[in-house]
Amino acid sequence: MKKFRYMTMLLFCAMLFFGMNAEAGFRRMPNGKYRYYVSEHRYISGVEGTDHRQWAFQKIRRTDEQGNKKIVTYCFDSDGYMMTGWHLLTTAKDHGTYYWYYFNWNGQMYANRTKNGHFLRKNGKMLTNGWHNGTYYGEDGAAVSGYNKKNKAGFRRTKKGMKYLKANGEYAKKEWLFIKRKGGVGHWYYFYSSGNMAKKAWVGSYYVDKRGWLKISKKRAFTSKDTEQDSDTDNLLKDDPDDLDMEDE
């Protein structure tokens, strides 16, 4: 009788253990998006900050079609949904600084490879203002042909607003740039098609403050698609001119 009870208990524990494990993995939600469940009712997700979101990067062991096992990095938003495509993200370790990442159609993060002319480093962050294999990648992460260190990139204050002259000698237009300030701290800025820097405005789902720094609010839905909006670009940074290394035109 005792032996029967013992075997029954072992069988119950085995069923409980394997049953819980069977629930772990990716699940397709009714909205077509995917979550990764670690148990029947718990899934991986990022967290809500006071003025921005932090995403959850997770390494998951997968098996490919050839049966080879490998560890793949995925990212999940605060609702637990797997991310795909280009995204501007931050983590707790980044202390509010945002970086571009790329995730393919099945959510796998690109690392140590090139995508659309942009190099993604070993940690997945897009390379900006740096060299890789003899190619210089500028503030927007794109390769700069004929890069010359003598070309002094920097902010230019004009009569119509603040602009940014890139290392290739062209003004930034309708694009995000990661620009380092004095002291080596960098921030993302957005420049309209006119070349003027955005401030105190929404650019798609992203918000930039009065200094032009990217700040993402939890009040809006998050997306990697950016749209141009009108904004007053006169008298930029009037209250804090030392934040930028600029020249007047």
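Everything that follows concerns the structure shown earlier in this document.
If you're wondering where the values come from, they're calculated on a predicted model, not measured in any experiment.

Draft legend 1. The sheet that holds strand β17 (residues 201-203), seen in detail. On the basis of which strands lie adjacent, the open sheet formed by three strands has the order β17-β18-β19 and antiparallel pairing. The open sheet has two free edges, formed respectively by β17 and β19 (214-215), since each of these has just one partner strand. Of the pairings in the sheet, the one linking β17 to strand β18 (residues 206-208) comprises three bridges and is antiparallel in character. Across the sheet, residue Ala-201 finds its bridge partner in β18, namely Val-208.

Draft legend 2. The pairing of strand β1 (residues 25-28), seen in detail. Strand direction decides the pairing type here: β1 and strand β2 (residues 34-37), joined by four bridges, are antiparallel. Within the sheet, the bridge partner assigned to Phe-26 lies in β2 and is Tyr-36. Linking β1 to β2, which pair antiparallel, is a turn of five residues; within it Gly-32 sits at a positive phi near 90°.

Draft legend 3. How the structure looks around the pairing of strand β14 (residues 162-165). By the alternation rule, side chains of β14 split into Met-162 and Tyr-164 and Lys-163 and Leu-165, which are all buried. The sheet contact formed by strand β13 (residues 154-157) and β14 spans four bridges and is antiparallel. Of the residues in β14, the one forming a bridge with Phe-155 is Tyr-164. Here β13 folds back onto β14 in antiparallel fashion, the turn holding four residues, of which Gly-161 has a positive phi close to 150°.

Draft legend 4. Broad picture of the pattern of salt bridges. For the coordinates displayed, the defined rule picks out three salt bridges. Where Asp-140 meets Lys-166, a salt bridge forms, and the shortest distance between an N and an O atom there is 3.9 Å. In this pair, Asp-140 sits in the loop between β12 (135-137) and β13 while Lys-166 sits in the loop between β14 and β15 (175-180), placing the two residues 26 residues apart along the sequence. A relative accessible area of 19% means that Asp-140 is categorised as buried. Since its relative accessible area comes to 10%, Lys-166 is described here as buried. The closest approach of N and O atoms between Lys-166 and Glu-175, which form a salt bridge, is 3.1 Å. Of the two residues, Lys-166 and Glu-175, neither departs from the other in class, the shared state being buried. Overlapping salt bridges, with partners in common, bring together Asp-140, Lys-166 and Glu-175 in one network.

Draft legend 5. Representation of the packing of aromatic side chains. Enumeration according to the criterion identifies 22 aromatic pairs in this entry. Ring centres 5.3 Å apart and planes at 70° place the aromatic pair Phe-155 and Tyr-189 in the edge-to-face group. A residue pair is termed long-range when its members are at least 10 positions apart, and Phe-155 in strand β13 and Tyr-189 in strand β16 (residues 186-191) qualify at 34 residues. A single burial state applies to Phe-155 and to Tyr-189, both of which are buried. Ring geometry for Phe-178 against Trp-188: centres 5.4 Å apart, planes inclined by 55°, an arrangement best described as tilted. Linking Phe-178 in strand β15 with Trp-188 in strand β16, this pair joins segments that are ten residues apart in sequence. Every member of this aromatic cluster is reached through a ring pair, and the members are Phe-26, Tyr-36, Tyr-74 and Phe-76.

Draft legend 6. Spotlight on unusual backbone geometry. Positive phi, close to 55°, is recorded for Asn-112, a residue that is not glycine. Within the secondary structure, Asn-112 is located in the loop between β8 (99-103) and β9 (113-115). With relative accessibility at 54%, the residue Asn-112 sits in the exposed group. Here the phi dihedral of Asn-116 falls at roughly 55°; this positive angle occurs in a residue that is not glycine. Since its relative accessible area comes to 56%, Asn-116 is described here as exposed.

Basis of the calculations
- Residues numbered from 1 in each chain as written.
- Predicted model: local features only at pLDDT ≥ 70, side-chain atom pairs only at ≥ 80, totals over all residues.
- Heavy atoms only, no water.
- Pairing = 2+ DSSP bridges.
- Helix = DSSP H or I, 4+ residues; strand = E, 2+ residues; numbered from the N terminus.
- Buried < 20%, exposed > 50% of the residue type's maximum accessible area, 1.4 Å probe, protein only.
- Salt bridge = Lys/Arg side-chain N within 4 Å of Asp/Glu carboxyl O.
- Phe/Tyr/Trp six-rings, centres within 6.5 Å; stacked < 30°, edge-to-face > 60°.

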